[in-house]
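# Summary of structural features
Now for the letters of each chain:
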Amino acid sequence: MSTPSPAPDVEGLLRDLAPRVLGALVRGNGRFEDCEDAVQEAVLAATTQWPAEGVPGNPRGWLTTVAARRLIDQARSDLARREREAATAAEVGPGEVPDTDDTLLLLFLCCHPTLTPASQTALTLRAVGGLTTAEIAGAFLVPEATMAARISRAKQRVRAAGSTFGAPEGPELQERLPVVLHVLYLIFNEGYTASSGDRLDRPDLAREAIRLTRAVRTQLPEDGEVTGLLGLMLLTEARRPARTTASGDLVPLAEQDRTAWDRTLIEEGTALVRTALAGPALGPYLLQAAIAATHADAAKAEETNWAQVYALYLILERIAPNPMVTLNRAIALAETESPEAGLTLLATLDGDDRMARHHRLLSVRAHLLERAGDTQGAYDHYRRAAKATASLAEQRYLQARAARLSGGASGGRPGPGRRG
């Protein structure tokens, strides 16, 4: 029997509360794997009951109580642990739920050094980001069953390691920080452009990533990459009001009404970039934030300083080689030189297994082929790109681009490769 989907407001509330409840249980109980399972069962119960019966007056206490009872039920099969589980349940009952937010500590726990980077990322997206196993599998381009097994092994290793529930310090902090930032980056990206589904974005995930990144920066205000990542998120999030039509269809960066961009977020993000650029080092997140700030500086798309964008991507590619960076550099190269130059650079990605049949590579190539006058080639690649993405919003957009070309309409410069 399938479980009914929660209403959007309930879903958002549960996504916000689940990691906090999990953090409280892990703090009091210490058994991450069992606590995570218990919280997931509580969330499942809430998705069934709350839409029909209404959200309780103390939703966090409700979830904590249900999850704690689940832990007690587990403990009853083990007499040696019964008293500890009962004490844990009493400590986190509905009337005594601590008002602390342990989400950040939970984030560092999920990035335990005994885990591989991929497992750290997957576990954090599951426990802190609230993504489903299917969504995480889509982000990693692996089958759902493979990702489920990876997450299960990660929880078991954290449990076996007996990690304490506290903030790491010194070398341990520096060891875990890059993974923490990468996880926050992935959560934000999933929130800004969902990997699947009928909606282009998931604002709740983006807001949670921003909230957590602010929390990390509070602890590490002098770290340029932490500051750069927060600036990147804010500058990107500022475009959200202009990146979809009233019906939810995608509006590419070049066609957006920039007067609708959130100037408050742009000002804060730009200030963060300037602060970080004054520091001793350039990191990947700071460079991406500088690129976003360059776009934000242009009142109109045609006023974009593409030479600066290209130079920043060139530096980024040298310090953090990545096929997506090369893809974006190809877009900037097409703007500074010619579509043909951009296509030549894109061709260097054809042998990269990570990009094989990726919809972003296909859509950017379609855009550059259209600009170069190859209507048939552009049409074919738009259609292939539409089939390659699991996002229905992106599918609709790419199919519309192909349909326009098939009707013989004039090209223009839509820029589907430049992410909104």
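Residues numbered from 1 in each chain as written. Predicted model: local features only at pLDDT ≥ 70, side-chain atom pairs only at ≥ 80, totals over all residues. Heavy atoms only, no water.

On to helix α16 (residues 339-346). Summarising burial for α16: 6 of the 8 residues are buried, a large majority. Here the buried face of α16 lies against α15 (323-336) and α17 (359-372). (Buried < 20%, exposed > 50% of the residue type's maximum accessible area, 1.4 Å probe, protein only. Helix = DSSP H or I, 4+ residues; strand = E, 2+ residues; numbered from the N terminus. Contact = heavy atoms within 4.5 Å.)

Attention shifts here to the nonpolar core. Residues Phe32 and Leu346 are the most contacted members of the largest nonpolar core, which totals 119 residues. Ranked by residues supplied to this core, first place goes to helix α9 (residues 170-192) with 11 residues. With residues near it in sequence (within four places) discarded, Phe32 still touches Leu22, Val26, Leu106, Leu109, Cys110, Leu123, Ala127, Lys155 and Val158. (Core = buried A, V, L, I, M, F, W, Y, C linked by side-chain atoms within 4.5 Å.)

Below, the discussion takes up the pattern of salt bridges. What the rule picks out here adds up to 11 salt bridges. Between Asp201 and Arg240 there is a salt bridge; the shortest N-O distance is 2.6 Å. A residue pair is termed long-range when its members are at least 10 positions apart, and Asp201 in the loop between β1 (196-197) and α10 (203-219) and Arg240 in the loop between α11 (224-237) and α12 (263-277) qualify at 39 residues. With respect to class, Asp201 is no different from Arg240; both count as buried. Its salt-bridge partner being Glu335, residue Arg371 comes within 3.4 Å of it at the nearest N-O pair. One end of the pair, Arg371, is in helix α17; the other, Glu335, is in helix α15, and 36 residues separate them in sequence. On the accessibility criterion, Arg371 (23% relative accessible area) is partly exposed. Taken together, the shared-partner salt bridges connect Asp201, Glu237 and Arg240 into one network. (Salt bridge = Lys/Arg side-chain N within 4 Å of Asp/Glu carboxyl O.)

With that settled, consider the packing of aromatic side chains. Scanning the entire structure with this criterion turns up 3 aromatic pairs. A ring pair is formed by Trp50 and Trp62, whose centres lie 5.3 Å apart and whose planes are at 70°; its orientation type is edge-to-face. One end of the pair, Trp50, is in helix α2 (residues 32-53); the other, Trp62, is in helix α3 (residues 59-75), with 12 residues separating them in the sequence. Aromatic side chains Tyr185 and Tyr285 sit 5.3 Å apart centroid to centroid with 55° between the ring planes, which places their arrangement in the tilted category. Pair noted here: Tyr185 is in helix α9 and Tyr285 is in helix α13 (residues 284-297), with a separation of 100 residues, a long-range link. We note that Tyr185, like Tyr285, is buried. (Phe/Tyr/Trp six-rings, centres within 6.5 Å; stacked < 30°, edge-to-face > 60°.)

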